[in-house]
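Chains, contacts and geometry: an overview
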Amino acid sequence: MSLGESVASSGHKSDADWWQRTVFYQIYPRSFMDSDGDGVGDLRGITTRLAHLKDAGIGATWLSPIFRSPMVDFGYDIADYTAIQPEYGTMADFEALVAEATRLGIKIVLDFVPNHTSDQCEWFQRSVAREEPYTEYYVWHDGREDPSNPNGTRLPPNNWQSVFYGSAWTFHPVRGQYYLHQFTAQQPDLNFRNPAVAEEMRTVLRFWLGKGVTGFRIDAVNHLFEVDGFPDEPETGTDRDPLSYGFTHHIYTKDLLEDYDMVYQWRRLLDDWTHEHGGASRIIMTEAYANITFTMRYYRSGEDLSSRPGSHMPFNFLLITDLNRDSTAQDFVFTINKWLTYMPRGATANWVLGNHDQSRVGTRYGAERIDAIHTLLLTLPGIAVTYYGEEIGMLDNPDAISDQGDAVSGGQSDAFIVFSRDPERTPFQWDATVNAGFSSGPSTWLPVHPNYRELNLAAQKSAERSHFKTYQALVKLRGHETLCKGSIQLVPYSNSIVTYLRELQDSDTFVVVINLAGIDCTVDLVSVFPRLPAELTIASSASGSGYRVGDVVQSDRLIVTGYDGLVLQGVPLTTRPRKRERASGTTLDVLWQATKDAAVIASIIIALGTGYYRLHPAQPLGKWAGSLKK
């Protein structure tokens, strides 16, 4: 297998490997559907709209936290891990949601937040009071003596910072000690070095497995453990603000070996549950913003047969962190190959295009590229993850802000536009009615994007072509055996044209062509993929493309319109037309054989004169409208 090629994990289509071939859809509960008119999305609302997921071809959905919470960080500060947040509904509502999802063939995955709780959690309140067995459930420290103040005032234990800015330590006057919080002060870190805490988390997992969930997305997993002794972390030298998270290298608070071990333990718990209760594999999805070497360790503990399995999906954020609207075709190919190169043999790739903490696809890449980027997402090998609303091309609403403000911005401050995550969390745009069909109430928790009258699901479903119909068709197409199991070979054809080949023995071949630029170009695919047949069929195209599904195009002179995303299909070599058996030597047979031989010879000549990764300048049909900046 040459550089730039990788093989997606294969396997029989069974409950055991369902997660390897599906599309996961993240629902942000507050913003998906409001059933009672209070302006906040809820579980009943989600249940009424599950048919949309089925219609889109989604196989599983993971819900951002639905547990009881004071909502300082909108659910990521959990007060009770086994209770439903009242504004979202009741446990009976959740059970009804699971039942309806099961009926529709959709699996439910829950967001699991083990690193910290809310300061309103009973565990924390009892730890503050030093009540056993909760005394050491959290990370407490006396602090350091203040040499400049002889009256006994204490300083924070060290220079650790919160991800959300400021010291990671807050003094609690009742207990008389500092407690650690790697996020907001209202989110105290649990002490995973205490075996009782680890057992509490296992109990939580078993509780929800018993409710019928099929897995967990584990939040902030690489923050679980800290080094004993609490030493200062080394300064980076690139950020001079001692309260900024970028002031130090987080070598003592992040990506420790114990983090991985805990994931392996949770994987064992889920595998044991599946073995005992049967049914579909229960899965782990892990969130860790870390370098790629660290991220890959979540898959498993090593390379030999004794390796302990870990996360089914260590989230791959490279399409978010490493690429944007200015990225070139070379950047895209490098970034995709980066994950495939580092991924352990036999593991399954995954591609995350957006989430509740990141700007939407159309905002990051440009609204004109939405279909092209979805074409990329849904034709790469492995698992695709979609954030709600991306399937219709929703955009960030920069004017959106909740009454409270989110935990990052700290309220309605001047820093909102830079730091708030509210703009990508606005209500789903179902139709052109009041509040975009999201709520019957007088207002919504975040304002609906003003473009909802034109950009909504109902309009896109009734249109001949739309973002949703393109997405829907791509999800259906990715069920093809070649796209599930086939190899991938990526080549940047030019600065603005990404091409890749998906092949599988005795199965159809697919070529994907992504045009990142706004000008039409002519592309010679045979010059980079010499084995292609002379003609290919359009299997998918962007909603604004000049092509329709079923159109036949020439492989050596494909015209690609601006911002198009094309999937081209060719029959396998073993099933391409051969010489007819009924009569040898007929004029038709001779002409067919001559044409086929000529095509093969031409392909060989082109291949011999072409470097495998040589860039081929696309031939513009019109004047270049602009350049792509690195």
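To be clear, the structure that these remarks concern was listed above.
Residues numbered from 1 in each chain as written. Predicted model: local features only at pLDDT ≥ 70, side-chain atom pairs only at ≥ 80, totals over all residues. Heavy atoms only, no water.

**Here we look at the packing of helix 12 (residues 370–379) against helix 15 (residues 467–477)**
Spelled out, the test is: In this description, a line fitted to the C-alpha atoms serves as the axis of each element, helices being fitted only across the stretch in contact, and the angle between N-to-C directions of two axes falls anywhere from 0 to 180 degrees. Numbering of helices and strands starts at the N terminus; helices are DSSP runs of H or I of at least 4 residues and strands are runs of E of at least 2. An angle below 35 degrees is treated as roughly parallel, one above 145 as roughly antiparallel, one from 65 to 115 as roughly perpendicular, and anything else as oblique. Helix crossings are classified by the rotation of the near helix relative to the far one: an anticlockwise turn of less than a right angle makes the crossing left-handed, while a clockwise turn makes it right-handed. Two residues form a contact once any of their heavy atoms are found within 4.5 Å. Polar here means any residue other than Ala, Val, Leu, Ile, Met, Phe, Trp, Tyr, Cys and Pro, which are nonpolar, and Asp, Glu, Lys and Arg, which are charged; Gly is therefore polar.
The interhelical angle for the contact between helix 12 and helix 15, taken along N-to-C directions, is 15°, at an axis separation of 10 Å. By the criterion of interaxial angle, the relationship of helix 12 to helix 15 is roughly parallel. Relative to helix 15, helix 12 is oriented so that their crossing is right-handed. Contacts from Ile 370, Asp 371, His 374, Thr 375, Leu 378 and Thr 379 of helix 12 reach helix 15 at His 467, Thr 470, Tyr 471, Leu 474 and Val 475. Broken down by class, the residue content of the contact of helix 12 with helix 15 amounts to 5 nonpolar, 5 polar and 1 charged.

**A look at the sheet that holds strand 6 (residues 107–112)**
Which entries qualify depends on this criterion: DSSP-based pairing: two strands are paired if at least 2 bridges between them are found.
On the basis of which strands lie adjacent, the open sheet formed by 8 strands has the order 14-13-12-6-3-2-16-15 and parallel pairing. Edge positions in the sheet fall to strand 14 (313–314) and strand 15 (350–352), since each of these pairs with one other strand and no more. Two elements, strand 3 (residues 60–63) and strand 6, share 4 bridges in a ladder whose sense is parallel. Within strand 6, the residue paired with Trp 62 across the bridge is Val 109.

**Side note on the sheet that holds strand 10 (residues 169–172)**
Paired through backbone hydrogen bonds, the strands of a sheet run either parallel or antiparallel to each other. Strand order across the open sheet formed by 3 strands is 7-11-10, with antiparallel pairing between neighbours. Two strands bound the open sheet, and with one partner strand each, they are strand 7 (140–141) and strand 10. Bridge count between strand 10 and strand 11 (residues 177–180): 4 bridges; the pairing is antiparallel. Bridge assignment links Trp 169 to a residue of strand 11, and that residue is Leu 180.

**Points about the pairing of strand 3**
Put simply, the rule is: Only protein chains enter the accessibility calculation, which uses a 1.4 Å probe. A residue is then buried if its area is under 20% of the maximum for its type, exposed if over 50%, and partly exposed in between.
Every second residue of strand 3 is oriented toward a common face, with Ala 60 and Trp 62 on one face and Thr 61 and Leu 63 on the other, all of them buried. In the sheet, strand 2 (residues 23–27) pairs with strand 3 via 4 bridges, with the strands oriented parallel. Residue pairing for strand 3: Tyr 25 is matched across the bridge by Thr 61.

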